Amino acid sequence: MTKRILAVDDEQVVLGAICKALGRDELEIDTTRDAASALELLVKHNYDLLITDLMMPKINGLELLERLPGMKIDTRVIMITGYPTIRTALQAKRLGAFEYVSKPFTKQELRSVVIRALRTVPEAQSRPVCNTIAGGSRYAIPHHSWAMWHSKDIWRAGMMSAFAAEVGPIRSLQPPIVGDLVEQGRIAVVIEDIEGVEHFLHAPLSGKVTEVNPSLEQDSPLAGTDPEGKGWLFSLAPVDLKKELLNLVPC
Amino acid sequence: MRNRSIAFDVSAIVLLVITSLLAAAFLISYRWQKSWIEQESRRGLLLAGDTLRASLRSGMLLNRREEIGTAIRRVADESPIAKIRIVSHSGRIGLSTTPGEVGREFMTGWAGCRTCHSSDTAAPHARRTGRTMIDKQRIRSFTPIFAEAGCRSGRCHQGEVRSSVLGLIDMSLPLAPVEATLNQIHRNVLLLFAGVALAGSCLIFLFLSRRLRRPLRELVSGMRRVSGGDLDYRIPEKQTDELGVLAASFNRMSERLGSLRESLIRNERLISMGKLAAGVAHEINNPLTGILSYAEDLVEGTAESDPRRADYEIIVREAIRCRTIIRNLLDFAGDGKPRRVPLHPGKLIEQSLALLTRRKDFAGISLVREIEPGLPEVIGNPVQIQQVLINLIVNARQAMPQGGKITVGAIARGLNSVSLFVRDQGPGVPADIRERIFEPFFSTKDGYSDGLGLAVCLGIVERLGGRIEQENVPQGGAIFSVILPAAAGERDDDQENPGRG
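Residues numbered from 1 in each chain as written. Chains lettered and ligands numbered in written order. Predicted model: local features only at pLDDT ≥ 70, side-chain atom pairs only at ≥ 80, totals over all residues. Heavy atoms only, no water.

(A) Quick peek at the overall build of chain A. Across its full length, chain A carries 10 helices and 15 strands. Out of the 251 residues belonging to chain A, those deemed buried represent 57%. Of the contacts formed within chain A by residues at least 6 apart in sequence, a portion of 63% connects residues at least 24 apart. (Helix = DSSP H or I, 4+ residues; strand = E, 2+ residues; numbered from the N terminus. Buried < 20%, exposed > 50% of the residue type's maximum accessible area, 1.4 Å probe, protein only. Contact = heavy atoms within 4.5 Å.)

As structure tokens, then:
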């Protein structure tokens, strides 16, 4: 069945870019230039996904996002932002956005998020945003990645299981290199699913990468089968822990 | 209006104190001297009385009145004694240097008489010595003339031998000449004292002027200039005393204020530049989104064999490059501090050089490493520091169009810093633009300039708590040093951060 997407942006060229990026997939894309008409369309039709710009005149992306629950619309939302600060991006996530994509985006970047958003995996939806593990203090970018204290100054990071469920079986992984610096909210790991789609995982914390899970070298699918346990991705020495933990959701 | 100086005040106080002390000393001394002179005058007058009595004795016994009269007049004429009278026991003036008084009653009823005469009629108490009295103008002595055997036999005192005292010699010595001499002496002493006090104060004034006034004036005028905004002004540090220390401290303060102001101005420029860049970047985001997506679509829609495909790919590649530049700019202009990690200086240099050695424009350049062993780690963001280093190295390359050697190294700077330096063999930085090379948008290159420029480099380094220094090497060439705090120094103010161990 063809999936139906609504794209909202005040600039035609961005709407065009979205259509071009997704055009070759079997998708039906409606576009509109303002949030008010987007809300009307959302009521009228049953969309599978809403792609909206963050900065728009009158009603901006966050306001649009906030109005959806009141209108009983549970469509997943992808927020298109300028190059975001981690604060605005995570604010969008906290308000219930499924994911954010920053402009200018490559086709690959937008597609992977859209594909993941459209994969309605019952398993993923049934899972809570956080799985609390006894004794561990886990902090998460909701529906995305987690960080957990491991030893002395070392924290471990990995995929949230909901994210992993949507990615599905993993073909390969590109973890960061030990000694590199990863930054909170910026791409740290590229995950290729079985269909060859690349997904981009954002680091939950900033820091120097101290170790990459050695088990993944032989067994990269492990990251998808036990994402919150043995399938952890890498460990890091955080650099701005106190401040950055405030951006995360404790589980 | 000119303010009173400390030297003047101190000298005036010294003058006042010396003068009052000298005046007090003078008064005491004056009194002592006066009373001593009076006492001596009394003694001398009594002695003179005794002498006169002895010399008149024979005349009296023989009752030679004329001779006695001549004698006392002569004494009065030739000595400071002004007046001599001889008084009989009956209380009448027998002889006097003042004619006309003879026969008059002598001082009856004067309280001083009671010392010897208990009553008018009673015989006086016998006293061997005479007595003196003093009033404002004169000292008077009263020398008794005692009865002798010869007196009774003579004409004068027959049957009047009730008393042992037959009369007295009254002499008066005027005080005016004595006092005049005394006053003369004291006037001179007073003048001398005043002179000494004045000279002393003048000396102190001169000394203090030399010692205090000039350095203080220099301090005050220096402070005025600095407070007026001339932060480059330095007070001459000639002295080694407290004032010298004060001048030196003040100079240090001005120096630090100066560099603070400079970095503030620079920061302001960087901030405004950052805002501008961020604004431009946000405006470019949407058109760039279009370019990127449409170009990618063109690539996908063109056959591999189509020669246009390569062109479309270039558009995609360059659009992504634009995106990277914009994101770097936004990272730089962002409000957050750059993330900092401890980094090994040697590795940073190696990584930066690795990115450059492959570049075509570095073909005729020999890149030399000069890394001091055992350096501590520095604090910074690896991407940003590499950006800075690459910038400096590319600048060095552009300073040597004919090729040459670029030395990239790291050395310890003091206890808590490490200097990463880039040295070229070019012409060096001309003195007239040295101040301006760190200004935003300042460039000596007409065309393409790589990287973000020295202003951004400096902004990055200053935000990491470091600084950039530029010097020209005497043998030719420029050296840029990026001085960054060492990791150990950073921990003190960042202890709450458990992310580092």
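(B) A look at the interface of chain A and chain B. Opposite the 32 residues of chain A that make contact, chain B presents 31 residues. Roughly 3000 Å² is buried in total at the junction of chain A and chain B, and carbon and sulfur atoms are behind 51% of that figure. Linking chain A with chain B are 4 salt bridges, by the criterion used here. One salt bridge in this structure joins Glu109 of chain A and Arg323 of chain B, with 2.9 Å as the shortest N-O distance. At the boundary of chain A with chain B, the tally comes to 7 residue pairs in polar contact (both at pLDDT 80 or more). Put simply, the parts of the chain that give the side of chain A that touches chain B at least two residues each are helix H1 (12–22), helix H5 (107–118), strand E14 (234–238) and helix H10 (241–245) of chain A. In the side of chain A that touches chain B, the residues fall into 11 nonpolar, 6 polar and 15 charged. (Buried area = accessible area lost by both parts, 1.4 Å probe. Salt bridge = Lys/Arg side-chain N within 4 Å of Asp/Glu carboxyl O. Polar contact = N/O pair within 3.5 Å; in protein donor to acceptor, adjacent residues only side chain to side chain. Nonpolar A, V, L, I, M, F, W, Y, C, P; charged D, E, K, R; others polar.)

(C) Structural context of the sheet that holds strand E2 (residues 93–96) of chain B. Residues and elements named next belong to chain B. Judged by pairing direction, the sheet is antiparallel, and its 5 strands sit side by side in the order E2-E1-E5-E4-E3 without closing on themselves. Where the open sheet ends on each side, the last strands, each with one partner, are E2 and strand E3 (131–134). Looking at each pair of strands side by side, their axes are set apart by 20° on average, direction ignored. Relative to strand E5 (residues 165–174), strand E1 (residues 83–88) is paired through 6 bridges, and the arrangement is antiparallel. Looking across to E5, one finds that Ser88 is bridged to Gly167. Running over the sheet, helix H2 (residues 65–78) touches E1 and E2 and is turned about 55° from E2. (Pairing = 2+ DSSP bridges. Axes fitted to C-alpha atoms, helices over the stretch in contact; angles between N-to-C directions.)

(D) How the structure looks around the confidence of the model for chain A. Counting all residues, the mean pLDDT for chain A is 85, and 92% of those residues have values of 70 or more. Low pLDDT, under 50, characterises residues 131–135 of chain A; the predicted model gives this stretch 6 contacts beyond four residues in sequence or across chains. (pLDDT = per-residue confidence, 0-100.)

(E) Examining helix H7 (residues 345–357) of chain B more closely. All names here are of chain B. Taking 1.5 Å per residue as the helical rise, H7 with its 13 residues ought to reach 18 Å, and the 18 Å between its terminal C-alpha atoms agrees with that figure. The set of residues buried in H7 consists of Pro345, Gly346, Leu348, Ile349, Ser352, Leu353 and Leu356. Projected down its long axis, H7 carries its buried residues within an arc of 160°, all on one side. The elements touched by buried residues of H7 are strand E6 (341–343), strand E7 (365–371), strand E8 (378–380), helix H8 (382–398), strand E9 (404–413) and strand E10 (417–423). (Expected span 1.5 Å × (residues − 1). Arc of directions from axis to C-beta.)

(F) Quick peek at the side chain of Gln184 of chain A. Mapped onto the elements, Gln184 of chain A comes out in the loop between strand E10 (181–182) and strand E11 (187–193). Of note is the side chain of Gln184 of chain A, whose polar atom sits 3.0 Å from the side chain of Asn247 of chain A.

(G) Up close: the environment of Glu218 of chain B. Considering the arrangement of structural elements, one finds Glu218 of chain B in helix H4 (residues 176–227). Considering only alpha carbons, one finds Glu218 of chain B and Pro236 of chain B, 18 residues apart in sequence, at a separation of 7.6 Å.

(H) The arrangement of unusual backbone geometry in detail. All names here are of chain A. The omega torsion of the bond from Lys103 to Pro104 falls at -15°, within 30 degrees of zero and hence cis. As for its position among the elements, Pro104 is in the loop between strand E5 (99–102) and H5. Here the phi dihedral of Lys58 falls at roughly 65°; this positive angle occurs in a residue that is not glycine. By the element assignment, Lys58 lies in the loop between strand E3 (49–53) and helix H3 (61–70). Here His143, not a glycine, exhibits a phi torsion of approximately 65°, which is positive. Within the element layout of this structure, His143 appears in the loop between strand E6 (138–141) and strand E7 (145–151).

(I) Looking closely at the nonpolar core. By size, the foremost hydrophobic cluster in this structure holds 45 residues, and its most contacted members are Ile393, Ile406, Leu420 and Phe480 of chain B. Of all the secondary-structure elements, those providing two or more residues to this core are E6, H7, E7, H8, E9, E10, helix H10 (453–463) and strand E12 (478–485) of chain B. The element contributing the most residues to this core is H8 of chain B, with 8 residues. Apart from the residues lying within four places of it in its own chain, the contact partners of Phe480 of chain B are Leu392, Leu420, Phe421, Val422, Val429, Ile437, Phe438, Leu454, Ile468, Glu469 and Gln470 of chain B. Grouped together as the second largest cluster of nonpolar side chains are 28 residues, Leu90, Ile141, Val167 and Val189 of chain A included. (Core = buried A, V, L, I, M, F, W, Y, C linked by side-chain atoms within 4.5 Å.)

(J) Representation of the pairing of E3 of chain B within the structure. Alignment of E3 of chain B against strand E4 (residues 138–146) of chain B, held across 4 bridges, turns out to be antiparallel. Bridging across to E4 of chain B, Thr132 of chain B finds its partner in Ser141 of chain B.

(K) Region of interest: the packing of aromatic side chains. All names here are of chain A. The full count for this structure, using the stated rule, is 2 aromatic pairs over all chains. Between Tyr139 and Trp155, the aromatic rings sit 5.9 Å apart at their centres with planes inclined by 45°, giving tilted as the arrangement. Taken as a pair, Tyr139 in strand E6 and Trp155 in strand E8 (residues 154–159) lie far apart in primary sequence, 16 residues in all. Given the relative accessible area of 21%, Tyr139 is considered partly exposed. (Phe/Tyr/Trp six-rings, centres within 6.5 Å; stacked < 30°, edge-to-face > 60°.)

(L) Representation of the pattern of salt bridges in the model. Tallying each qualifying case throughout the model produces 37 salt bridges over all chains. Of the charged contacts, one joins Asp30 of chain A and Arg4 of chain A as a salt bridge, the two residues approaching to 3.3 Å between their closest N and O atoms. Taken as a pair, Asp30 of chain A in strand E2 (residues 27–32) and Arg4 of chain A in strand E1 (residues 3–8) lie far apart in primary sequence, 26 residues in all. Given the relative accessible area of 22%, Arg4 of chain A is considered partly exposed. Here Glu67 of chain B makes a salt bridge to Arg64 of chain B, at a shortest N to O gap of 3.3 Å. On the basis of relative accessible area, Arg64 of chain B is assigned to the partly exposed category, the value being 41%.

(M) Inspection of the sheet that holds strand E11 (residues 467–472) of chain B at higher detail. Residues and elements named next belong to chain B. One open sheet accounts for 5 strands, arranged E7-E9-E10-E12-E11; its pairing is mixed. Only two strands of the sheet have a single neighbouring strand rather than two, namely E7 and E11. Adjacent strand axes in the sheet meet at a mean angle of 15° when their direction is disregarded. Sheet analysis places E11 next to E12, joined by 6 bridges and oriented antiparallel. Residue Arg467 lies in a different strand from E12, and its bridge partner there is Ile483. On the sheet, H8 packs against E7, E9, E10 and E12 and is oriented at approximately 30° with respect to E10.

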